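Chain by chain, the residues:
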Amino acid sequence: MSDSRTRLRNVMLTLGVGAIVAVLLALVEGNGGAKLNDTLALFAIWGIAALSLNLVNGTTGILSLGHHGFMLIGGYVTSLLIVPADVRERIASQARSDMTPFTLSLSVENAFNAVGLQALTTPETLWVRFLVALLVGGFVAMIFGLIVGIPSLRLKGDYLAIVTFGFGEIIRLSASTSLFSPFTNGALGFAGVPNDFGKSIWWTFAILGLTLFVMTKIKFSSFGRALQGIREDEIAAEAMGVNLARSKVLAFAISAFFAGIAGGLWVSYLSAARLDFFLFFLTFFFLVAISVGGTGSYTGVLMGVAVVVFVQQYGDPLEKTYGLPVWFGVIGSLILIAAAGGWLYRKTRRMRPVLHPLVVVLGLIGLGTLLFAIFGQNSPALDGTFQAFGMRRILLAVLLIVIMAFRPEGIMSRAEFSWAWALRERKDQPSDEERAQDAWLSNPDLNRGSATSSEDPLPASLTAEDAPNAVPFLERGTKPDPDEPRYGEGRDWQPEQDDEEEGR
Amino acid sequence: TIGVNLELSGRFATIGNATLQGIEVAREQMSDALGQEVELSICDNQTTPEGSINCAARFVDEGVIGVLGPISSTMAIAAANPLEEAGVIMISTSSTNPATTQIGEHIFRMAYTDDFQGKVAARYAADDLEAERAVVFRQQDDDYSFGLAGFFAEEFESLGGETITLDFVSNTVDFSAQINDARGFDADVIYYSGFCAEGASLMPQLRQQGFNQQILGADASDDSQCPVGGGEAFDGYILTGFGGADVLSGDAAARAEDFAAFFDVVYPDAADFNGFTLAGADSYNVMVQAVNNAGSADPDAVLDALQNLEGYPGVSGDITYAGTDGTPADRTIAFFQYSVPGADGSEWTKSSLFGIGTGQ
Amino acid sequence: MSDRETLLDMRQVTTHYGPIRVLHNVDMQIYPGEMVCLLGGNASGKSTTLKTILGIVRVSEGEMYFRGERADTLTTAERIERGMAVVPENRRIFPKMTVRENLEMGSYLRNDRKGIREDMDYVISLFPRIGERLNQMGGTMSGGEQQMLAMGRALMSRPKLILMDEPSMGLAPLFVEKIFEIIKTVNDEGISVFVVEQNANVALSVADRGYVLQTGEVVLSGPAQELLANEDMKKAYLGDV
Amino acid sequence: MSMLSVRNLNKSFGGLQATTNLSFDVEPGEIVSVIGPNGAGKTTLFNLITGVYTPDSGSIELEGRSLVGMRPNQVVDAGIARTFQNLRLFTNLSVLDNVLIPQHHQLKVPWWQAVLRTPSYRKAEAHMHDVAMEKLAFFGPRLMSFRLHQPVYVLSYANRRRTEMARAMATGAKMLLLDEPSAGMNPKETAEITQIIRRMRDEGGYTILLVEHKMNLVGEISDRVVVLDYGQKIAEGSYKDVVNDEKVLEAYLGKRADDDASEEVEL
Amino acid sequence: MAAITTTAGRRAIPWGWIFGLGIPALVLARIYYLVNVVEVRDYAFFIGAMVQSLQLGSLYALIALGYTMVYGIIRLINFAHGEVFMVGAFISYFLFSGAPFALPWALLWSAVLAWGVAFILNLWRGSMTHPTVIAGGLVAFAALTFLLSTFQVNWVAALLLSMLFTGVLGVVIDRVAYRPLRGAPRISLLITAIAVSFLLQNTGLIVFTRNQTPFRPETDWTAFLQFDVLGGTVYTSRLMFLIPILTAVLVTALTLFVTRTRLGKAMRASAQDAETAQMMGINVNRVIATTFLLGSMLAAAGGFLWGLNFGSLNQPAVMGILPGIKAFAAAVIGGIGSLPGAVIGGLLLGFLENFMTALFPRQGDFPGLTEFKDTFAFALLIVVLLVRPSGIVGEDLSEKV
Ligand SMILES: Nc1ncnc2c1ncn2[C@@H]1O[C@H](COP(=O)(O)OP(=O)(O)OP(=O)(O)O)[C@@H](O)[C@H]1O
Ligand SMILES: Nc1ncnc2c1ncn2[C@@H]1O[C@H](COP(=O)(O)OP(=O)(O)OP(=O)(O)O)[C@@H](O)[C@H]1O
Ligand SMILES: [Mg+2]
Ligand SMILES: [Mg+2]
C-alpha cells in the first residue's frame, strides 16, 4: 500500500473511532449517572496531566516529581480569575483573609469589563471566561515550568528529580504563607469555582484529545526524537548537535502548560481550589499511570490512567465490611493465583526447576486457606467481620509492584498504538529470510548449508556485487512514514541485563 | 436509603467512628420510616475533600433521601456544593463553621456554630480565668480550626485581652518553632482550636517547654485520642463540646441518659461515647422524623418538613430548624475537663463542668 | 577429542535473549592448562558465549560443567569463586574507583594479604603504566590503559580459567604483541585461557586450539595451527583477500 | 585556509599534562590519522576539539573560527562531528532514529509546525530520511534491512560502531573525528571499514581526523599521520616517513614492528 | 617518568564558601532583625533551641543514612524508607506497650519476617531449600509469632528487637519489590519504591492503628530537665543526651562496619557496575540485602527515638512521609551516597529548621520564619544542588567520554 493511502486510511480510522467515542460519551452524558460522568471527567483530567508528565518523564527521561506543583499553579490561577463575584465578596468580608482588594479584583470578568467586552461577561458566556482563565493558568504554570526547567541545565538524573520534587513541595507549602496568601487566600483557598467545565465530559475530553494530539505529534517529530535522544544519553545527544538546554526547557514548559490546564480543570471538577487537592500523591497517581502503561508510551499512559481512576472511583466495595470467611477466601485465592503466576513465570523464563519448592509451598498455603474458608464457615475462628480501610490504595500499590516486577517497562513499554499494529502489519521482527540474508552478508565465505537455507536467499544482483558497496535495499525497502509510529521498538524482549547501561 | 458520609479513616477516624456508632444505635432504636426499613449507605471519605466529593457523587447516583455527615467543616463544605446542586439534603453532624450552612437551603447541621463556641470560650477565659493574654494555636489548613481561632481571638480582644495566633498545618509533630514563637509572648492562657492528632503532640511539648498555663480546647478535642495520646499533659485541659446528660436540663437529660444506656448495650466496649455520638444519633433521628412528617420520601417534601421542624426531642436537646439557616436554634454547649490519670485509677476521665445554651 | 578431564565443558548449550536464540547447541571444552581461542564474525555470538560461561546470560538448554561440577545453575559470583576470571568486553572498569581499588576488586575473594601484594607488584611490572597511575580514577584512564587495567584486574584473582573478550582491543601495536606474550606467560603458569579475539592471526599463533562460531553455531574447530592453515578461515577472518 | 588548525593546545588533569603545546593542521578533504601509544592524549584531543573539555590554553579553529569555549552542540553546528571510543549510542532507539537525531539541529522548522505536520515540516522530515538512508548505505545493507527498526541494544559491537559512524555523518558536519573506528573488528572487517572511510572522504566529501591503532588501516588511507606521545607531537608526515621515524618506532611501534608494519601496508 | 597522581574523585568541602558567606549572611540578617524587632529572648532560649536542633538533626541523620546507603548502591531514591522508619517505630511501640498484635496480624508479620530470615540465610547458604534455611525460617516464624502476639519487653529490648525486625523487613522489601527490577529503567524502580511506601502506609493503617499513638515507654530518659544558665532557664529533657549519643554510636558503628569490612568496597563496586561486580565474585544481592538490613535498622532506631522525642506517633499513613522526605533532603544536601554527608546534612537541616526559626521568631508585627519551616528543607536542597550539583560531600559527577 502506498504511503498516502496508508495515511488516508489511518486518518479515516482515527476519525471513525473518534466519532464512536463521541457517540458513546453522548450516551453516557445522557443516561449514565453522575458517578459515571464524574469518573469519565476525572479520567480525562488526570489523563491530561499524566500525558503532559509523560512528555518530561517518559519521552525526555527527566524524572520530574513536581507535577502537582504546576497543577496547583494552573488551578489557583484559574480559580482566582474565574471565581464569581459573590464568592469574592464573601472572602472580602472574612476578617482574616489575606486577600487584598487588588488581588480580589483580578478576574477575567473585570478584565473584559475594563476593555469594553461587556458582551462576554454574561452568564451565557461564562465558557469564554473560563477558557481564558484556563489558558492564563496554563501560561503561568508554563512560566513556572521555565523557572524550574532552567536549573535542569545544571543538574542530571536523580538530582533533577529531587529538585523538581523540592519545587513541587515548595510551591505547595509556600502557597499558604503570607507571601502568597493574597493570591491564594491562604490555606483555605477558593470555594465556588464553576464546575460546569471540569465535570463536563465534552470539555474534558476535547482538551484530552487535544493534549493527546499534541503529545503524540511531538513524540514522532524530530523534536521528539531529540528528546528521546536526551533520554538515552545526554552526552551523546549533545555531541550530535542537540541543544540540551533548549530542548529540556522547552519540554518542561510544554509539559507545565498542560499541567496548568489540567489543574484548572481539576479545580473546576472539585468546584474549589484548596492546597490539599494538590498533594504529592497526585503526581504519584500519574507516575503509576505512566509506569503501568509504559514509560514513554502515550497509549500506555491512558491505559494506566484508566486503571488508576477505576480503582479510585469504584474501589469502595473493597473497603466495606465483610465476614472473615470472605476475607480468608479472597486471601487464599490470591495466594493461589500468585503461586500459579510464579510457576508460569518460571516456565516462560526457562528457569529451572520450574516447580520451585517455594511455589509449591505457596500453592499449598493458598489452597489450605481457601479450603478453610469454604469448609470452615461455621467454625468460631471465622466468626466476625473485618473492614479493610485503605484497601483501595493497597490494591493499587500491590498492582503496581506486581506489574513492575514482571514488566518493568510497563504494559506497552515504549510502543504506541498504531493502526498498522492493530491491523497486524508488524514489521519489527526480522523474517527468517531477512535473518538468513544477514548471516550471509556478514560472512559470505563461510556460508554453509547449516546456517542458512541451502538455497541462496539473496537475489543474484546482490551476490554479484561487492556486498559493502551494494545498496539494493534502498530500492527494495519502503521508506517509513514519519507519521506512522512503529510498533514494537524493543517491545517484545528486553535483555536480561542491559549490558550497555552506561552511567545514565 | 440514607447516605452516610463520614471520616471513617484518616485523621478524624475516631470521631467519625463515634459518630457512626451514634447513627447506628439510633437506627437500632428507630429503624422504620413510613413503614419501610431505613437503609444506610455508608461512604468513607478518608478525611479528604476529594473523598468527600466522591461520596457526594455516589449518593446523588444512588438517589438517597438525604446525607448525614461529614463531621468536619472542611469535608462538609466540600460535599455540600455538589449536594446542594443536585438538591440532596445534607445534615452535617458536627460541622461548626458558619459557612457550611450558608451554601444552600439543603444543607443543615446538628451542631452549634463556631462563632458561638469561640465566643463562649473567650468569655470563659477572660471572665472566669481572668486571663489577659492568650496564645491561640490554629491549624491553618482546616476551615473549622481556622474559623474557630478567629472567633475566639475576636471576642477575647473585644473583652480587652491580647492574643497571638500561631499557625501549624495538619500532621505536625514538631511544634518547637511555634513554641519558640510563643515564648516571647507572656501568655496567661492557651487556646487550642485544632484536633487531637496534633494536640496529642503539642501539649506534652508545651509542658516540657515550661508552659504551665491553663489550656482550653474546643469540641475537636472531645476525642479519646487527646488524653490517650497526650497523656499527663492533658491533665486539667478544659474543652467545650456537645452537652451530654450532665448538662442538659429536664427531659433532654433523661433522653440522653436513656440513649447512653442503650448505647452501652449495643457497643459495650466502644472507645468513645461523646457529643459526636449524640450528634450522629440526632441527625439520623431528625432525618427520619422529617420523612415521617413529610409523609413521603419526596425530596422537596422532606426538605420542607425539615425546614419547619420545631422542637424535636433529640437526645442532645431540642432541635428546631424553623427560621434558621440550617443551624438548630437552641443547642447546649458544655465545658468539660480532662483529668489524667483519672479519678479512680482509670487512665483518664472527662468530667463536665457546666453547660450553656445557645439561646443565652 | 581426548578424554582428559575437562576444566570447562559445555554440552549442547543453547541460550536466548528473550525469544531470540543466540547460541545453538554449542559444544565446547577447555582442558586444564590449555589456551583456547574463539573466533567468529560480528554478531556471531562470541561475547554471548562468554557471558553464558559466566552466567550473565542463562543457559536455556544443555548443560555446563566447570571442574567437574554442574555450573549452569550457579550464580556468576559463585562461578568466579570456583576459579574463573574475566576481562570483559568493553573493559568495564569501575569508573569511580581508583586504579588501585580496581585491582583490589580483582582480588576481592582472596584473603592472603601477602599474596595479593605480590600479585599487585607482578601486575604493575607487567603494565608499568598502571603503576604510575595507582591513584587515578579508573574511569578517566584512556581506552588502552583501561584495557590493561582490566587485564591486570583479572590476573589479581589467581584464577583457574581466565576468560578474555577481545583483550587487544584499543591497544597500541606495540602492546598487542606484548599482551599476547603476557597471555602466553600466564598460560604457561598453568592457568587455562579462553580468549575471544578478532585479531585472529596473533591469537591463533599463541593458542592451542580454536573454535569458530557463526550465527551461534560452532562451524569449525581444531588445533590452532590447523585453523591458521584453513583456506576458509583465511578468506573469512584472516584478512587474506 | 586549513580546515582545522590546532595551535599550542594544552590541557592538564591535576598533575597530569594530557596534551602539551600541540599544534597541527588538517586541510580540507584530507584524512589525517592521529596515532600514539595508549594514554598519549588522542581521545583527549578529540574531547578538546568537540568542546567536551575546555583547553587550558591554545586555540582550535575551524576554517578560521575559534571553537574554544563552545558547547559540544555548538561545535556540531560549526561543522565537526565525532564518534566515541566507548560507543555512546541511543541504545533503546532504533538504528534509524539514531541516525535521524543528529539531523535535528539543522531543522529550521519550529516544533509547533511539527505538531501540526505542516507541508514544510513533512518535506524536511522526508529529507531527513533520505539523508539517513544515504548515510547508512555506506555500510551496505546490513543496517538497512530489518535492523533499521531494531533497537540498538540488540546489535553486536561492530554493528554499533557502524551505526555510530553513520550517526556522525548524518549531523551534516564537514569534518568527522573518528575514535578507533575499527576496534572490535576482524582483519576482514577492518579492510571493509578502511574502504568505507575512504569512500566517506571521496563520496561524502568529509574531512576526516582519525585515531587508530591498526597500522594497516592507518597506512592505507592516511594522507598524513600525526604521532603523539605523552601529549606531545613527536612526529608528523606521511605514513612512510612516520613509521620509519626512530622516535615513533621506539614509543609506539616497537623495534620489531618495522618489518611487520611495512608488510602490512601492502595488505 | 615519575608517578603521577591526579586529584581523584571527591572534591574538597567548600568550607570557605559555607563559612565565608553563610555566617556573615546570618549575622547580618540577625542584626537586621534585632534592629527592626524588639528582642525579648535570653541566651538560655538559644541554648534550648540549639539543643532541640541537635536532637532533631540527629534524628534526621539516622534516617538519612538509610537513604544514602540505598541510593549509593542501587541508585534508588528509596521513597519507602520513611515508611520503614514508621514501621520501626510502631513495632517497638507494640513490643514495649504490652498491647500486642492480634493473632492474625502477628501471623502475618511473622510470615513476612520469617521468610525474610530464610531469605537472608539463603544468601549465605546458597539455596532456599537448604535445610538450615528452612529450619531457620520455621524457627523464626514460631519465635516471632510468639513474641509479637504475647510478649512485653522493656524499652531497650524493644528498640533492639524492632531494629532487627525492621532490618529484616527492609530485606524483604528489597527482595520482593526491588530485586526483580535490577537493570530495569530507573523510573520503574522509583515508582515501585513509591508504591511500596503506599503499601506500608495503608497496611499500617489496618495492622497498627488508625490513630495518633502515645509513645511513652517506661524510661527515665524522657523526664523533663530544666536548668538555669546565663540568667534564663533552658527547658529540655534527658533525651538531649540520649538521642545525640545513641546516634553517634550507631553512626560510628555503621561507618566502621562499612569501611573495615570488605563490604564497603563491594558496595561501591556494585553501585558503579553491578554486572562487573558480579564478575569479580561479589554477590551483589547479598551486598544489597546487607545494605537494606543496615539502613532499615537505623531507620527503626530513628523511629524509636523519634517517638521518644515527640511523645507520640502520628497515624501510620502520615507518620513517615514528612520525616522521610526531609531526611531524604538532608541526605541529598549532604551528598547522597556518602555516609558522612548524610550526617552533615541531617544536622544542618535540624539546625536550620529549629535554630533558624528561633533566631527569627515571631514578634509583634514581624511574622517570623515559622510558617516557612517546612519549606526550608527544600529551599536548602535546591540552593545546595544548584551550587554544588552533588551535595556537600557528594561524588564527582563528571564522566569521561
Ligand atoms: N542484550 C541483547 N538483547 C538481544 N539481542 C542481543 C543482545 N546482546 C546481543 N544480542 C544479539 O546476539 C547476537 C550475538 O551478539 P554478540 O555480542 O555475542 O556478538 P559478538 O560475536 O560478540 O560480536 P562482536 O564481534 O561484534 O562483539 C547478535 O545478533 C546480537 O544482536
Ligand atoms: N578526566 C581525566 N582526568 C584525569 N586524567 C585523564 C582524564 N582524561 C584523560 N586522562 C588521562 O590523560 C591521558 C590521555 O588520555 P586519552 O584518553 O586521551 O588517551 P588516548 O590517547 O586516547 O589513549 P588510548 O589509545 O588508550 O585510547 C591518559 O593517561 C588518561 O589517563
Ligand atoms: Mg563481542
Ligand atoms: Mg582513546
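Residues numbered from 1 in each chain as written. Chains lettered and ligands numbered in written order. Predicted model: local features only at pLDDT ≥ 70, side-chain atom pairs only at ≥ 80, totals over all residues. Heavy atoms only, no water.

S.K.: Break down the site of ligand 2 for me, with residues and values.
M.R.: The local shell around ligand 2 holds 23 residues, among which C:Arg133, C:Gly144, D:Lys42, D:Thr43 and D:Thr44 are the closest. More than one chain lines the surroundings of ligand 2; the residues nearby belong to chains C, D and E. Within the contact set of ligand 2, an oxygen atom lies 2.5 Å away from a side-chain nitrogen or oxygen of C:Arg133. The protein chains hide 95% of the 630 Å² of surface that ligand 2 would expose on its own. Of all the elements in the fold, those that place two or more residues in the shell around ligand 2 are helix H6 (143–155) of chain C together with strand E2 (16–26) and helix H1 (42–49) of chain D. (Near = heavy atom within 4 Å. Polar contact = N/O pair within 3.5 Å; in protein donor to acceptor, adjacent residues only side chain to side chain. Areas by Shrake-Rupley, 256 points an atom, 1.4 Å probe, with all protein chains shown as cover. Helix = DSSP H or I, 4+ residues; strand = E, 2+ residues; numbered from the N terminus.)

S.K.: Explain the sheet that holds strand E1 (residues 8–17) of chain C to me, using residue names and the numbers behind them.
M.R.: The pairing of strands in a sheet comes from backbone hydrogen bonds and takes either a parallel or an antiparallel form. Residues and elements named next belong to chain C. Sheet architecture is open: 4 strands sit in the order E2-E1-E4-E5, paired in antiparallel fashion. Each having just a single partner strand, strand E2 (20–30) and strand E5 (69–70) make up the two edges of the open sheet. Both E1 and strand E4 (residues 59–66) contribute to a ladder of 6 bridges, which runs antiparallel. Bridging from a neighbouring strand, Asp9 pairs with Tyr65 of E4. With respect to the sheet, helix H1 (residues 46–54) is in contact with E1, E2 and E4, its orientation differing from that of E1 by roughly 110 degrees. (Pairing = 2+ DSSP bridges. Contact = heavy atoms within 4.5 Å. Axes fitted to C-alpha atoms, helices over the stretch in contact; angles between N-to-C directions.)

S.K.: So what's going on with the packing of aromatic side chains? Residues and values would help.
M.R.: Residues and elements named next belong to chain E. The final tally for this structure, using the stated rule, is 62 aromatic pairs over all chains. Seen from their ring centres, Tyr178 and Phe292 are 5.6 Å apart, and the 40 degrees between their planes marks the pair as tilted. Residue Tyr178 is located in helix H6 (residues 155–178), and its partner Phe292 is located in helix H11 (residues 284–310); the two are separated by 114 residues in the primary sequence. Both residues of the pair, Tyr178 and Phe292, belong to the buried class. The interplanar angle of 75 degrees and the centroid separation of 5.5 Å between the aromatic rings of Phe215 and Phe304 together place this pair among those described as edge-to-face. Within this pair, whereas Phe215 is found in the loop between strand E1 (213–214) and strand E2 (224–229), its partner Phe304 is found in helix H11, the two being separated by 89 residues in sequence. (Phe/Tyr/Trp six-rings, centres within 6.5 Å; stacked < 30°, edge-to-face > 60°. Buried < 20%, exposed > 50% of the residue type's maximum accessible area, 1.4 Å probe, protein only.)

S.K.: So what's going on with the arrangement of the chains? Residues and values would help.
M.R.: Among the 8 pairs of chains in contact, the pair with the most contacts is chains A and D. Structurally, chain B and chain C remain out of contact, their C-alpha atoms never closer than 40 Å.

S.K.: Would you mind going over the nonpolar core in detail, with residue names and values included?
M.R.: Counting residues in each nonpolar core, the largest one holds 293 residues, and the members touching the most others are A:Trp46, A:Trp266, C:Phe194, E:Tyr178 and E:Ile282. Not counting the four nearest positions on each side in its chain, E:Ile282 is found in contact with C:Ala77, C:Met105, C:Tyr108, E:Ala266, E:Ala269, E:Ser270, E:Ala277 and E:Val287. Counting residues in each nonpolar core, the second largest holds 70 residues, with B:Ile2, B:Val136, B:Ala220 and B:Tyr284 among its members. (Core = buried A, V, L, I, M, F, W, Y, C linked by side-chain atoms within 4.5 Å.)

S.K.: Quick one: what's the story with the coordination of the magnesium ion (ligand 4), residue by residue and with numbers?
M.R.: Each protein donor to the magnesium ion (ligand 4) is listed here as D:Thr43 (OG1) and D:Gln85 (OE1); together their distances run 1.8 to 2.2 Å. Here D:Thr43, found in helix H1, pairs with D:Gln85, found in the loop between strand E6 (80–82) and helix H3 (95–100); they are 42 residues apart in sequence, far enough to count as distant. (Donors = N, O, S within 2.8 Å, 3.2 Å for Na, K, Ca; no water.)

S.K.: Tell me what's going on with the pairing of strand E7 (residues 175–179) of chain D, and back it up with residues and numbers.
M.R.: Residues and elements named next belong to chain D. Counting buried positions along E7 gives 5 out of 5 residues, so the element sits mostly inside the fold. Residues Met175, Leu177 and Asp179 of E7 are buried on one face, and the alternating residues Leu176 and Leu178, pointing to the opposite face, are buried as well. Sheet analysis places E6 next to E7, joined by 3 bridges and oriented parallel. Within the sheet, the bridge partner assigned to Arg82 lies in E7 and is Leu177. Looking at chain direction, E7 and strand E8 (residues 207–211) are connected through 5 bridges and run parallel. Each bridged residue has a counterpart across the sheet, and for Met175 the counterpart in E8 is Thr207. This β-α-β element, E7 to helix H7 (residues 187–202) to E8, shows right-handed connectivity. (Right-handed = clockwise from strand over helix to strand, strands pointing away.)

S.K.: Run through a nonpolar patch on the surface, naming residues and quoting values.
M.R.: Residue and element names in this part refer to chain A. A grouping of Trp343, Leu344, Leu355, Val360 and Leu364 is seen on the molecular surface, where their side chains present a nonpolar patch of about 480 Å² in accessible area. Among the secondary structure elements, those contributing two or more residues to the nonpolar patch are helix H16 (324–348) and helix H17 (357–375). Taking relative accessible area as the criterion, Trp343 reaches 34% and is therefore assigned partly exposed. (Patch = residues over 30% accessible without salt bridge, like charges linked within 9 Å, V, L, I, M, F, W, Y side chains within 5 Å. Salt bridge = Lys/Arg side-chain N within 4 Å of Asp/Glu carboxyl O.)

S.K.: Give me the coordination of the magnesium ion (ligand 3): which residues, what numbers.
M.R.: Residue and element names in this part refer to chain C. Around the magnesium ion (ligand 3), the donor atoms from the protein are Ser47 (OG) and Glu89 (OE), and they sit 1.9 to 2.3 Å away. In this pair, Ser47 is assigned in helix H1 and Glu89 in the loop between strand E6 (84–87) and helix H3 (99–106), connecting sequence segments 42 residues apart. Both residues of the pair, Ser47 and Glu89, count as buried.

S.K.: Hey, could you go over the pattern of salt bridges for me, with residue numbers and the actual values?
M.R.: Residues and elements named next belong to chain C. Going through the model one piece at a time under the given rule, you end up with 43 salt bridges over all chains. As a salt-bridge pair, Glu145 and Arg129 come within 2.5 Å of each other at their nearest N and O atoms. Here Arg129 lies in helix H5 (residues 128–132) and Glu145 lies in helix H6, a separation of 16 residues in the sequence. We note that Glu145, like Arg129, is buried.

S.K.: Describe in detail the confidence of the model for chain A, supporting the description with residues and values.
M.R.: Residues and elements named next belong to chain A. Residues with a pLDDT of 70 or more make up 79% of chain A, whose mean pLDDT is 76. Considering each helix and strand of chain A separately, the mean pLDDT is smallest for helix H22 (residues 472–476), with a value of 32, and largest for helix H3 (residues 67–82), with 91. Here residues 444–504 is modelled with pLDDT under 50, and outside its nearest four sequence neighbours on either side it reaches 135 contacts, counting other chains as well. (pLDDT = per-residue confidence, 0-100.)

S.K.: Describe helix H7 (residues 186–207) of chain E, naming the residues involved and giving the relevant values.
M.R.: Since one α-helical turn is 3.6 residues long, residues separated by three or four positions face the same way. In this model, H7(E) (22 residues) spans 31 Å end to end at C-alpha, consistent with the 32 Å of a helix rising 1.5 Å per residue. Summarising burial for H7(E): 20 of the 22 residues are buried, a large majority. (Expected span 1.5 Å × (residues − 1).)

S.K.: Any chance you could break down the domain arrangement of chain A for me, citing the residues and the numbers?
M.R.: Residues and elements named next belong to chain A. When cut into domains, chain A gives domain 1 (11–314) and domain 2 (320–402). Using C-alpha coordinates to define each centre, domain 1 is positioned 39 Å away from domain 2. Across the contact, 10 residues belong to domain 1 and 6 residues belong to domain 2. Inspection of the domain 1/domain 2 interface yields 0 salt bridges. (Domains from an automatic or database assignment.)

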